[in-house]
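Observations on the model geometry
For reference, the chains in residue letters:
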Amino acid sequence: MRITIPTKYFIFDILAAILILISFVLVMFFTPVEMTMGLVQKIFYFHVAHAWIGMLSFIVAAAASVLFLISNNSMNDFIAESAVEIGLYFTIIAVVSGSIWAKPAWNTWWTWDPRLTTTTIMAFIYAGYQFLRQSLDNPEKKSRILALYCIIGCISVPLTFFSIRGYRSIHPVLIGSESQGMNMTEPMIATMIISIFSFTILYLALMHHRVLYAKIKEETEAEKYEMELEDERNS
């Protein structure tokens, strides 16, 4: 099977690469060194961006799952599958980078802080989604079961986001009237916004490629499943 990748896919790739490079330069040379945390605070710009993409991706997956259950359009299933996988990777990176940030800031690699705990639980929920997708064979049943799982699993996203607002937490709050934990200057805020935007473009580029891969993989698995059923009928 010969696969042709549209030019628009590479446009997103190039734009994402340029924006990520700009973000890196801004983080390294434009933003000031935070007084309390020092140089390690610069991880913050990438940590926040990865956490944002992780939660955004899981919301996209839930929305695609709802549309799949309504329309039974396989493209929505491909989008959900792709969004969960990409979101899981970004969430894992957010947890790891958060631990690196926490060591000099809180003098520990890990603490049962509400945000860290709920983020990790969210990652395990979607790791379960990945395991379940690999375990089920019947393509039609698999898609519907996973769509329901994805919708229910999305409850973990608002729980993670609001976890530091409803409970005592040492995690800094960056948005809202209760913002505390980090004195952000205008260059820091501008760089954070640019970094989040850059990684969002990267996310779109990754989604383009991952959805195409999911479509090809699902078509191949469906053909294989039909061939196995045909062999069982003939045996």
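Quick note: structure is the one above.
Here the structure is a predicted model, which is why all the values come from computation and not from measurement.

Looking now at helix 5 (residues 139–153). Over its 15 residues, helix 5 extends 20 Å from the first C-alpha to the last, a length consistent with the 21 Å expected when each residue adds 1.5 Å. Among all positions of helix 5, only Pro 139, Lys 142, Ser 143, Leu 146, Ala 147, Cys 150 and Gly 153 are buried. Each buried residue of helix 5 lies within a common arc of 135° when the element is viewed along its axis, so the set occupies one face. Pointing more than 90 degrees away from the buried face of helix 5 are the exposed residues Glu 140, Lys 141 and Ile 152.

For Ala 64, the position within the fold is in helix 2 (residues 43–71). When its relative accessible area of 5% is taken as the criterion, Ala 64 is described as buried. Between the C-alpha atom of Ala 64 and that of Asp 77, which follows or precedes it by 13 residues, the distance is 6.7 Å. Apart from residues lying up to four places away in sequence, Ala 64 is in contact with Asn 76, Ile 79 and Ala 80.

What follows is about the packing of aromatic side chains. Tallying each qualifying case throughout the model produces four aromatic pairs. Ring centres 3.8 Å apart and planes at 0° place the aromatic pair Phe 58 and Tyr 126 in the stacked group. With a gap of 68 residues between them, Phe 58 in helix 2 and Tyr 126 in helix 4 (residues 114–135) connect regions that are remote in the sequence. For the pair shown, Phe 58 and Tyr 126 are each scored as buried. Measuring from ring centre to ring centre gives 6.1 Å for Tyr 129 and Tyr 149, while their planes differ by 50°; the resulting arrangement is tilted. Highlighted residues: Tyr 129 in helix 4 and Tyr 149 in helix 5, separated in sequence by 20 residues. Relative accessible area serves as the criterion here: at 1%, Tyr 129 is assigned to the buried category. For Tyr 149, a relative accessible area of 29% gives the class partly exposed.

Conventions adopted
Residues numbered from 1 in each chain as written. Predicted model: local features only at pLDDT ≥ 70, side-chain atom pairs only at ≥ 80, totals over all residues. Heavy atoms only, no water. Helix = DSSP H or I, 4+ residues; strand = E, 2+ residues; numbered from the N terminus. Expected span 1.5 Å × (residues − 1). Buried < 20%, exposed > 50% of the residue type's maximum accessible area, 1.4 Å probe, protein only. Arc of directions from axis to C-beta. Contact = heavy atoms within 4.5 Å. Phe/Tyr/Trp six-rings, centres within 6.5 Å; stacked < 30°, edge-to-face > 60°.

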